[in-house]
Amino acid sequence: MIADTIAAISTPPGRGGVAIVRLSGPGALGAAEKMFSPAGKTPVSSFTPYRMYPGEIDCGSFRDFGLCVYFRAPHSFTGEDVVEFHCHGGTEIARGVLRSAVRCGCRLAERGEYTKRAFLNGKLSLSSAEGLADMINGESEAEVRAGYMLYTERLNGCAVRLQDALKEILAGIDADIDFPEEDIEHTDLAHIREDLRKMCDELGTLLSTYRTGKKVKEGVSVVLAGRPNTGKSSVLNALLGSDKAIVSSVPGTTRDVVEGSIEIGGVRFDLYDTAGIREGAEEVENIGIDRAKKLIDGADLVLFILDASEKMGEEDRAVYASLAGKSRLVVYNKTDLADAGESEVPADIRISAKTGENVQLLRQRMFEICMHGYNADAQFLIEERHFAALSRAKHELDEAVALCGKIPLDLLGVHLRVAWEALGEISGETESERVIDEIFAKFCVGK
Ligand code: GDP
């Protein structure tokens, strides 16, 4: 049982219109009684939950005029009594309210402690809490959407449904093991195998979405490769719509990797410019070359940039050869200049970084290649922890399907129980304290 009352500033640091200080725990309303003088007749102890009351907040050495709202347990975010003070959004004002709350018996909240309490009080599952962290930390529309799907328990609903189905099968198996002399057969093996196979299919479909989900969460990495002076930095700038990379007409000036991110179709794409893979260049550039090779290895897509106004040369060929086996898009740049004709490497797209011709089309092509089959409204996995847990569940169920009828019922039951436990990791029922702490550490203070 959690007995103490925590307090934190729940709005981000800095100045703004309002700041919110949140108190959660059995002493929240008591602290509010001491700190808040309502402007109206209703005393704090008689506040109607979820209603905003104006009044004076005592901050010790000064006062602020703000609002107070009470959420009665268990109908609050944490499941405990919660009080929020909405004060004016000055850093010192919010700190004053917080200090006052501490004087009135609260202690400062730890990172993610509100959400952790919500989880421990059964207000949300572990995967839902992770979804909330994904939403808060999300850097793209797609990540926020995927986080919201987790937050609203869509994945957990799936896991719980499969767990329930497994529990039913296990109950039948246990009955047959415990009362073998009874006439009633609880286990119809052909039926069970069919049910388990369907579960495996469902898990397989879900697991296959992780390839896309990982990109949604981590961003799609796109590397621009090509010999110096083909216009990589210019293409990068055109894609970014800014002047982040330094453009120069002296070959080899982009010595380091320049990064920038854009959102295409709501998904974050991280762009990396390379220094050009040149053999025998000076030392500083060699460092860039090593990084370029590493980047290319880890990229989801490589844009191979050629200069449309020049014939393809040895240097171009060398870079092209280094991209073998990579997912790549051949981009002929500088189409505003006189065309030197196509080489042995046909263009996937022809653009001009200078005039902007086809740059939007390039963004679209990048999206189509990297996010093939992506449907923002479909259910997909974005968390590695979920992928690992569901993989384990599927592995056990695959085994169970293969062995069904060939091994004794109790051994079959062992596989099903392990799968059941693995599915429980989505909700967090079977998770260890360490994993739980790690997850809540992803939050900020005040959430
Ligand atoms: P990088 O070495 O591959 O990064 O190439 P840069 O982006 O530094 O460009 C090399 C030169 O080509 C610069 O003088 C750019 O202004 C020029 N350039 C880049 N893109 C275009 C283009 O689409 N059209 C024309 N006419 N010039 C371009």
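A brief report on the enclosed structure follows. (Residues numbered from 1 in each chain as written. Predicted model: local features only at pLDDT ≥ 70, side-chain atom pairs only at ≥ 80, totals over all residues. Heavy atoms only, no water.)

## What to know about the packing of helix 13 (residues 384-403) against helix 14 (residues 409-427)
Relative orientation of the contacting elements helix 13 and helix 14 amounts to 165°, with a least axis distance of 8 Å. Judged by the angle between their axes, helix 13 and helix 14 are roughly antiparallel. At the point where helix 13 passes helix 14, the crossing takes the left-handed sense. On helix 14, the residues that touch Arg385, His386, Ala389, Leu390, Arg392, Ala393, Glu396, Leu397, Glu399, Ala400 and Leu403 of helix 13 are Leu412, His415, Leu416, Val418, Ala419, Ala422, Leu423, Glu425 and Ile426. Its residues assigned to classes, the contact of helix 13 with helix 14 comprises 13 nonpolar, 2 polar and 5 charged. (Axes fitted to C-alpha atoms, helices over the stretch in contact; angles between N-to-C directions. Helix = DSSP H or I, 4+ residues; strand = E, 2+ residues; numbered from the N terminus. Parallel < 35°, antiparallel > 145°, perpendicular 65-115°, else oblique. Left-handed = near helix turned anticlockwise from the far one by under 90°. Contact = heavy atoms within 4.5 Å. Nonpolar A, V, L, I, M, F, W, Y, C, P; charged D, E, K, R; others polar.)

## Section: the sheet that holds strand 2 (residues 16-24)
Here we have 7 strands laid out as an open sheet, ordered 3-4-5-6-2-1-7, and mixed in their pairing. Every interior strand has two partners, whereas the edge strands, strand 3 (36-38) and strand 7 (107-108), have only one. Strand contacts of helix 1 (residues 28-35): strand 2, strand 3, strand 4 (52-58), strand 5 (63-71) and strand 6 (82-89), with the helix running at about 40° to strand 6, the strand carrying the most contacts. (Pairing = 2+ DSSP bridges.)

## Examining unusual backbone geometry
Note that the residue after alanine 73, namely proline 74, is joined by a cis bond; omega there is 5°. Checked against the element boundaries, proline 74 lands in the loop between strand 5 and strand 6. Of note in this structure, tyrosine 50 is not a glycine but carries a positive phi near 65°. In this fold, tyrosine 50 is placed in the loop between strand 3 and strand 4.

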